[in-house]
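Structure assessment
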Amino acid sequence: MLEKWLKESSYTIVFTGAGMSTESGLPDFRSAKSGLWRTKNPQQLASTYAMQHNRDEFIAFYQYRIRTLLKCKPHVGHMILADWQKRGLIHQIITQNVDGFHQQAGSTNVIELHGTLRTVHCSRCRRTYDAKRYVDEQFTCTCGGFLRPSVVLFGESLPYDAFEQAWTAAERADLWIVLGSSLQVSPANELPVIAKRSGGKLVIVNMEPTPLDDWADLLIHGRKIGEVLQEIDELL
Ligand code: APR
């Protein structure tokens, strides 16, 4: 069914979450057994509060995430999405992920709602550096300011342009495909509802149930994204 909708759709959006990158070796946040937030407190580690008042743990957490990221790479699912974009089957990828794997796989004009872990920038002058600085234990800008990861922390708002573009895409989409998100974090989780309310079809591919399952025209639970995308790709 999904291969048919992909061929018929004139404006397809793929919306990805951390479940898109677990097959690359990156842990997600809320998977029942392995999610990062199962054993760690996001407010203590990934928030503006943590950056100010819990700096050593904040730095250690992002060093761990950047080190892990640098050891991983896009998997076949990312490659398939890049190929589908080249073939005009999908029009835009909007991601909550900060790993840059869609771009590395060849996808273009990816909207990164939660920023990127590929760079760090100065809290004072906003100069940007490669995130490898954190691995090299370099946390200070040439201006003396603190270098922080270029991700959206809990307590910060999403980059306005990115969210505005994503909102417009949701209003225009006639097919919105969610890949690997628990859909528990707003305002990103409002987008699939906007797409649905604007007359688009909603597809959710996620190992576990999500709060938006009742809105979906097609639900695929309990299956790995990589396998699902390969199967559909063979039918296109
Ligand atoms: N195939 C299919 N689904 C998968 C796979 C897989 N290989 N691996 C994990 N999943 C599913 C999990 O069942 C889970 O429901 O992906 C979902 C990932 O959900 P989260 O870990 O909550 O990730 P996400 O929805 O992207 O989180 C949103 O929360 O912590 C913040 O900023 C962070 O961007 C993140 C946001």
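Residues numbered from 1 in each chain as written. Predicted model: local features only at pLDDT ≥ 70, side-chain atom pairs only at ≥ 80, totals over all residues. Heavy atoms only, no water.

**Digging into helix α11 (residues 225–235)**
Of the residues making up α11, those classed as buried are Ile225, Gly226, Val228, Leu229 and Ile232. For α11, the angular spread of buried residues about the axis comes to 165 degrees, placing them on one side. Buried residues along α11 sit in contact with α1 (2–8), α6 (76–86), β7 (175–179), β8 (201–206) and β9 (218–221). (Buried < 20%, exposed > 50% of the residue type's maximum accessible area, 1.4 Å probe, protein only. Helix = DSSP H or I, 4+ residues; strand = E, 2+ residues; numbered from the N terminus. Arc of directions from axis to C-beta. Contact = heavy atoms within 4.5 Å.)

**Some thoughts on the UniProt feature "binding site: Zn(2+)" (unreviewed entry) in the protein chain**
Per the UniProt record, "binding site: Zn(2+)" (unreviewed entry) is found at Cys122, Cys125, Cys141 and Cys143. Taken together, the annotated residues stretch across 22 residues yet fold into one region, lying no more than 8.4 Å apart by C-alpha. Looking at Cys122, the relative accessible area reads 0%, which means it is buried. Those residues within four positions of Cys122 in sequence are excluded, and the remaining contacts are Arg127, Cys141, Cys143, Gly145, Phe146 and Leu147. When you line up the elements, Cys125 lands in the loop between β4 (115–122) and β5 (128–130). Those residues in contact with Cys125 that lie beyond four places of it in its chain are Cys141 and Cys143. (UniProt positions renumbered as here; feature names shortened; annotations may be inferred.)

**Comments concerning the UniProt feature "domain: Deacetylase sirtuin-type" (unreviewed entry) in the protein chain**
Following the UniProt record, one finds the feature "domain: Deacetylase sirtuin-type" (unreviewed entry) at residues 1–236. As annotated, residues 1–236 comprises 37% helix and 18% strand, and the C-alpha atoms at either end are separated by 11 Å.

**Topic: the nonpolar core**
The biggest cluster of nonpolar side chains holds 30 residues, and the ones touching the most others in it are Phe58, Phe61, Tyr62, Leu117, Tyr134, Phe146 and Leu147. Put simply, the parts of the chain that give this core at least two residues each are α2 (36–39), α4 (48–53), α5 (55–71), β4 and β6 (147–151). Per-element tally for this core: the top contributor is α5, with six residues. If you count residues domain by domain, this core takes at least three from each of domain 1 (1–25 + 74–114 + 158–236) and domain 2 (27–71 + 117–151). Beyond its immediate chain neighbours, meaning those up to four positions away, Tyr62 contacts Leu45, Ala46, Leu117, Tyr134, Pro149, Val151 and Leu153. With 25 residues, the next largest nonpolar core counts Leu158, Phe163, Trp176 and Val178 among its residues. (Core = buried A, V, L, I, M, F, W, Y, C linked by side-chain atoms within 4.5 Å. Domains from an automatic or database assignment.)

**Structural notes on the sheet that holds β7**
Pairing is parallel in the open sheet, where six strands are placed in the order β3-β2-β1-β7-β8-β9. At either margin of the open sheet sits one strand with a lone partner, and together these are β3 (111–112) and β9. (Pairing = 2+ DSSP bridges.)

**A look at the site of the ligand**
Around the ligand sit 23 residues in total, of which Phe29, Arg30, Ser181, Ser182 and Glu208 are the nearest. Within the contact set of the ligand, an oxygen atom lies 2.7 Å away from a backbone nitrogen or oxygen of Phe29. Between an oxygen atom of the ligand and a side-chain N or O atom of Arg30, the distance comes to 2.7 Å. When its residues are assigned to classes, the shell around the ligand shows seven nonpolar, 10 polar and six charged. When residues of the shell around the ligand are assigned to domains, at least three map to each of domain 1 (1–25 + 74–114 + 158–236) and domain 2 (27–71 + 117–151). (Near = heavy atom within 4 Å. Polar contact = N/O pair within 3.5 Å; in protein donor to acceptor, adjacent residues only side chain to side chain. Nonpolar A, V, L, I, M, F, W, Y, C, P; charged D, E, K, R; others polar.)

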